[in-house]
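A look at the structure
Listed below, chain by chain, are the residues.
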Amino acid sequence: EVLLRMHSVGICGSDVHYWQHGRIGDFVVKDPMVLGHESSGTVVKVGSGVTHLKPGDRVAIEPGVPREMDEFCKSGRYNLSPTIFFCATPPDDGNLCRYYKHSASYCYKLPDNVTFEEGALIEPLSVGIHACKRAGVTLGSKVFVSGSGPIGLVNVLVAKMMGAAAVVITDLSASRLQKAKEVGADFTIQVKDETPQEVASKVESLLGCMPEITVECTGVQACIQAGIYATRSGGTLMLVGLGPEMVTVPIVNAAVREVDIRGIFRYCNTWPLAISLLASKRINVKPLVTHRFPLEKALEAFETTKRGEGVKVMLKCDPTDQNP
């Protein structure tokens, strides 16, 4: 393990949800729990078995650490391990604090030209990488992203980087769609009260065809329905956003058109890839950060996120260094 002096921690929708509701699905908060899992910091101490890190190294933290070498770890899909430790998922504490210890194997050294905030943003960026890889985004893909929150935006960034020819994105909020334009979306649709079929036909008319890939980042029933209707026959619908456990969807429509429906659970094997993309400036996540608060103002930061202001709210945990 390594002991870290924490620097930057982003607030995720799941953090807010645990704070407000005390549970997400089967994960129930029963005891006091530290939030935070989008994070970076500086190594201050290393355990006797740690060789690849030393005090002073700046690192990005992968929050999910398998507790045992099971069949999922052996096959490279350690995110599916039932015994995984995950920051800020009950009963495991997160790292929104001054000092935090973590498995050294899941701390990744940041190059000098990658900031602490970029390091913290690798966590949401990883969701986009994992989703776009599982969806099969490739050169010339036409992609529909549903939802323009932080996860929708990282999917736009990654899809474009992986060669998507055109990306269309939907949201209720005009300001979020403006941010999507900034990060590379080709078309935006502000959804008002259209039916799922109407949304699907707007997507088709903007792209000039139905998209091969839809990445659904809201978890809202109507959006999942629109995702099925919008996706080209033989295409893929990725379910990234999580909503209620039971949703009603036009499954026969998907079945007879051979639309593959896939899910993701977090990510795996993405940190080295993300770091190389950030270091080579192939991807720019800096515009995602819209608000910064010192750790002492964490409550204010959480209230800001809860109100849906801005995009990504970043907490600064080191009182001697509040820089990005």
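Residues numbered from 1 in each chain as written. Predicted model: local features only at pLDDT ≥ 70, side-chain atom pairs only at ≥ 80, totals over all residues. Heavy atoms only, no water.

So, about the layout of surface pockets. Considered as a void within the structure, the second largest pocket measures approximately 230 Å³ in volume. In terms of lining, the second largest pocket is formed by 16 residues, of which the most central are Ile224, Leu239, Gly241, Pro244 and Val247. Put simply, the parts of the chain that give the lining of the second largest pocket at least two residues each are helix H7 (221–230), strand S14 (236–239) and strand S15 (260–263). Classifying every residue of the lining of the second largest pocket by side-chain character gives 11 nonpolar, four polar and one charged. (1 Å grid on protein atoms, 1.4 Å probe; cavity = no way out; pocket = protein on both sides within 12 Å on 5 of 7 lines; lining within 4 Å. Points joined across faces, edges and corners; volume = space filled by probe spheres on them. Helix = DSSP H or I, 4+ residues; strand = E, 2+ residues; numbered from the N terminus. Nonpolar A, V, L, I, M, F, W, Y, C, P; charged D, E, K, R; others polar.)

Looking now at the nonpolar core. If you look at the biggest cluster of nonpolar residues, it comprises 82 residues, and the most contacted ones within it are Leu4, Leu125, Val143 and Val215. With nine residues, the single largest contributor to this core is helix H3 (residues 116–135). The residues that make up this core include at least three from each of domain 1 (2–109 + 285–316) and domain 2 (129–263). The residues contacting Val215, other than those within four sequence positions of it, are Ala131, Val143, Phe144, Val145, Ser146, Asn155, Met238 and Val240. (Core = buried A, V, L, I, M, F, W, Y, C linked by side-chain atoms within 4.5 Å. Buried < 20%, exposed > 50% of the residue type's maximum accessible area, 1.4 Å probe, protein only. Domains from an automatic or database assignment. Contact = heavy atoms within 4.5 Å.)

Attention shifts here to the domain arrangement of the chain. Each domain of the chain was delimited in the assignment, giving domain 1 (2–109 + 285–316) and domain 2 (129–263). The distance between the C-alpha centroids of domain 1 and domain 2 comes to 27 Å. Across the contact, 10 residues belong to domain 1 and 10 residues belong to domain 2. Across the domain 1/domain 2 interface, buried area totals approximately 700 Å², and carbon plus sulfur atoms make up 65% of it. For domain 1, the biggest contributors to the area lost against domain 2 are Pro287, Leu288 and Val311; these three give 58% of the whole. In this assembly, domain 1 and domain 2 are joined by two residue pairs in polar contact (both at pLDDT 80 or more). Residues belonging to the side of domain 1 that touches domain 2 are distributed by class as follows: four nonpolar, four polar and two charged. (Buried area = accessible area lost by both parts, 1.4 Å probe. Polar contact = N/O pair within 3.5 Å; in protein donor to acceptor, adjacent residues only side chain to side chain.)

Bringing the packing of helix H1 (residues 13–21) against helix H10 (residues 298–306) into the picture now. Look at H1 against H10: their axes get within 10 Å of each other, and the N-to-C directions meet at 100 degrees. The orientation of H1 with respect to H10, classified from their angle, is roughly perpendicular. Only Leu299, Phe302, Glu303, Thr305 and Lys306 of H10 make contact with H1, whose side of the interface consists of Asp15, Val16, Trp19 and Gln20. Tallied by class, the residues present in the contact of H1 with H10 amount to four nonpolar, two polar and three charged. (Axes fitted to C-alpha atoms, helices over the stretch in contact; angles between N-to-C directions. Parallel < 35°, antiparallel > 145°, perpendicular 65-115°, else oblique.)

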